[in-house]
Amino acid sequence: MVGSLNRVMEESGEPQLDAKSKVTNQLIDFQWKLGMAVSSDSCRSLKYPYVAVMLKVADHSGQVKNKSFEMTIPQFQNFYRQFKEIAAIIETV
Amino acid sequence: MAAELEGSKSLSGLLSGLAQDTFYGHPGITEELLRSQLYPEVSPEEFRPFLAKMKGILKSIASADMDFNQLEAFLTAQTKKQGGITPEQAAVISRFWKSHKTKIRESLMNQSRWDSGLRGLSWRVDGKSQSRHSPQIHTPVAIMELEIGKSGQRTLLLQDLYKSKCKDLYLPVWSLTNGLHLEAPESEFLCLEFDELKVNQVLKKLSEVEESISTLMQPA
């Protein structure tokens, strides 16, 4: 089993991990905005902050796409906390 | 005003029904449904202005996101108005707002969120690997999957119905929804790969966001 794995790696010349890049994207750019919703059609007194994010990602073929989404403040805190966890782990691996 | 309208017994149920329609966006809560279920003795002609009045009051309270002082002042003024509400009705409305305020506010906030939200996040870190034959030592990589989609507010709706004290509305609403599960809108799954450098770049940006939030939240 190990022998055949090595052969695959030699033939492809690429690390086995790159097989995933066919379905994963690379992050090219990360833009953010902190907004405050003040008032709306249905509610004159909204007053809630939110974080809007715009990701520029490239797929395996190099095609670039924009993906945007919003987060509430608690969602952002969770997002940030998870990234810190990733950073701590990736550092030790 | 018909005696039945002056009573406060069915008012709680009416307010629940109004909330389902006005704030939670639940379809099918018609004027006729509310009248026949909650005020069957009252004629449609008498019911209509009554419903409009209660709807107006509830919308005003929600729109201004009234705190309890504002609420008391507002409701007291309504009891003093010609064609206003009775003190008993004011008490019912007050109780209703106090217990539903958070949910209604969340619903209104969700109504104003038109962009996609972050509905889920999962990740793993793949470690270094080495091959006897390859001289390269491969760097660790973080794989992250983001679930991006429209607000899933509707999935909360049926839990609210269960908890609602307005049992009268269960049966007709049940038949309208055809079952327990309201489909949440479809999500997009975005899979991203980060090396250590990229993780730290993003982390730096996130700390900038955090700083902005702190500045915003500081008392003026």
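Keep in mind that what you see is a predicted model, and the values were worked out from it rather than measured.

Draft legend 1. Representation of the overall build of chain A within the structure. From N to C terminus, chain A includes 2 helices and 3 strands. What you see in chain A, going N to C, is helices and strands ordered as α-β-β-β-α. If you take every contact in chain A between residues at least 6 apart in sequence, the share linking residues at least 24 apart comes to 30%.

Draft legend 2. The arrangement of the interface of chain B and chain A in detail. Every contact between the two is made by 55 residues of chain B and, on the other side, 53 residues of chain A. Regarding the contact of chain B and chain A, the summed buried area is about 5,100 Å², with carbon and sulfur atoms giving 68% of it. Between the two partners, chain B and chain A, sit 1 salt bridge. Where chain B meets chain A, there are 18 residue pairs in polar contact (both at pLDDT 80 or more). Mapped by element, the contributors of at least two residues to the side of chain B that touches chain A are helix H4 (44–63), helix H6 (87–111), strand E1 (117–126), strand E2 (141–149), strand E3 (188–195) and helix H9 (196–217) of chain B. The greatest single-element share of the side of chain B that touches chain A, amounting to 16 residues, is contributed by H9(B). Residues that form the side of chain B that touches chain A fall into these classes: 27 nonpolar, 13 polar and 15 charged. As paired elements, strand E1 (residues 25–37) of chain A and E3(B) share 2 bridges and run parallel to each other. When the bridges of E3(B) are listed, Gln26(A) appears paired with Glu193(B).

Draft legend 3. Seen up close, the pattern of salt bridges. Using the criterion set out here, one finds 9 salt bridges over all chains in the structure. The salt bridge partner of Lys67(A) is Glu188(B), with a shortest N-O separation of 2.6 Å. You can see Lys67(A) sitting in strand E3 (residues 64–72) and its partner Glu188(B) sitting in strand E3, one on each of two chains. A residue is classified by how much of its surface remains accessible, and Glu188(B), at 32% relative accessible area, is partly exposed.

Draft legend 4. Local environment of the pairing of E3(B). Both E2(B) and E3(B) contribute to a ladder of 8 bridges, which runs antiparallel. Its bridge partner lying in E3(B), Leu146(B) is registered against Leu190(B).

Draft legend 5. Region of interest: helix H5 (residues 68–80) of chain B. Residue and element names in this part refer to chain B. Compared with the 18 Å implied by 1.5 Å per residue over 13 residues, the 19 Å span of H5 between its first and last C-alpha is a close match. Every buried residue of H5 is listed here: Leu71, Phe74, Leu75 and Gln78. Each buried residue of H5 lies within a common arc of 95° when the element is viewed along its axis, so the set occupies one face. Those residues of H5 that are exposed and aimed more than 90 degrees away from the buried face are Asn69, Ala73 and Lys80. The distance from a side-chain oxygen at the start of H5 to the backbone nitrogen of Asn69 is 3.1 Å, and the residue carrying that oxygen is Asp67.

Draft legend 6. Local environment of the UniProt feature "domain: COMM" (unreviewed entry) in chain A. Sequence positions flagged by UniProt for "domain: COMM" (unreviewed entry) are, in local numbering, residues 26–93 of chain A. Taken end to end, residues 26–93 of chain A has its terminal C-alpha atoms 20 Å apart, with 29% of it in helix and 47% in strand.

Draft legend 7. Summary view of the side chain of Ser45(A). One can find Ser45(A) in the loop between E1 and strand E2 (48–58). Residue Ser45(A) is classed as buried on the basis of its relative accessible area, which comes to 14%. With near-sequence residues (within four places) excluded, Ser45(A) lies in contact with Val38(A), Ser63(B), Ala64(B), Asp65(B) and Arg105(B).

Calculation notes
Residues numbered from 1 in each chain as written. Chains lettered and ligands numbered in written order. Predicted model: local features only at pLDDT ≥ 70, side-chain atom pairs only at ≥ 80, totals over all residues. Heavy atoms only, no water. Helix = DSSP H or I, 4+ residues; strand = E, 2+ residues; numbered from the N terminus. Contact = heavy atoms within 4.5 Å. Buried area = accessible area lost by both parts, 1.4 Å probe. Salt bridge = Lys/Arg side-chain N within 4 Å of Asp/Glu carboxyl O. Polar contact = N/O pair within 3.5 Å; in protein donor to acceptor, adjacent residues only side chain to side chain. Nonpolar A, V, L, I, M, F, W, Y, C, P; charged D, E, K, R; others polar. Pairing = 2+ DSSP bridges. Buried < 20%, exposed > 50% of the residue type's maximum accessible area, 1.4 Å probe, protein only. Expected span 1.5 Å × (residues − 1). Arc of directions from axis to C-beta. UniProt positions renumbered as here; feature names shortened; annotations may be inferred.

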